[in-house]
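# Structural characterization, general
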Amino acid sequence: MDNDKAAAYGMWIAVLALVSLVCVIGIAWAELTSTGHPAQRLLGGGLIGVVLLAYSFILLLLRKGGFTGV
């Protein structure tokens, strides 16, 4: 795989990692400010789902980019 493709995969991995970090901060904020309102619980649960999706795409990009050696 050439370096341009690897760099593109690396950029998308970094973007998804940043999205995950923002979601984790959002989860912590939702938990710390939880008043028991259903919308806040829905927000925290939705952010957990986004983190899981982002991590699955990060793993996919790591494999497609040849970063794992597999």
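What you see is a predicted model, and the numbers here were worked out from it, not measured in a lab.

Now for the overall build of the chain. Looking only at helices and strands, one finds two helices and zero strands in the chain. When burial is assessed residue by residue, the chain has 24% of its 70 residues classed as buried. Summarising the internal contacts of the chain: among those between residues at least 6 apart in sequence, 65% fall at separations of at least 24. As displayed, the chain has an accessible area near 5000 Å², and 73% of this comes from carbon and sulfur atoms.

Turning our attention to helix α2 (residues 38–64). The end-to-end C-alpha separation of α2 is 39 Å, in line with the 39 Å expected for 27 residues at 1.5 Å each. Listed in full, the buried residues belonging to α2 are Q40, G44, L47, V51, A54, I58 and L61. Each element contacted by the buried residues of α2 is listed here: α1 (3–32).

Following the sequence through the fold, V19 ends up in helix α1. With a relative accessible area of 34%, V19 lands in the partly exposed category. Along the primary structure V19 and V50 are separated by 31 residues, whereas in three dimensions their C-alpha atoms are 8.5 Å apart.

Right, let's get into a nonpolar patch on the surface. Together, M11, W12, V15, V19 and V50 make up an exposed nonpolar region whose accessible area comes to about 420 Å². If one sorts the elements of the nonpolar patch by residue count, α1 sits on top with four residues. Counting through the fold element by element, V50 comes out in helix α2. When its relative accessible area of 34% is taken as the criterion, V50 is described as partly exposed.

Definitions and cut-offs
Residues numbered from 1 in each chain as written. Predicted model: local features only at pLDDT ≥ 70, side-chain atom pairs only at ≥ 80, totals over all residues. Heavy atoms only, no water. Helix = DSSP H or I, 4+ residues; strand = E, 2+ residues; numbered from the N terminus. Buried < 20%, exposed > 50% of the residue type's maximum accessible area, 1.4 Å probe, protein only. Contact = heavy atoms within 4.5 Å. Areas by Shrake-Rupley, 256 points an atom, 1.4 Å probe, with all protein chains shown as cover. Expected span 1.5 Å × (residues − 1). Patch = residues over 30% accessible without salt bridge, like charges linked within 9 Å, V, L, I, M, F, W, Y side chains within 5 Å. Salt bridge = Lys/Arg side-chain N within 4 Å of Asp/Glu carboxyl O.

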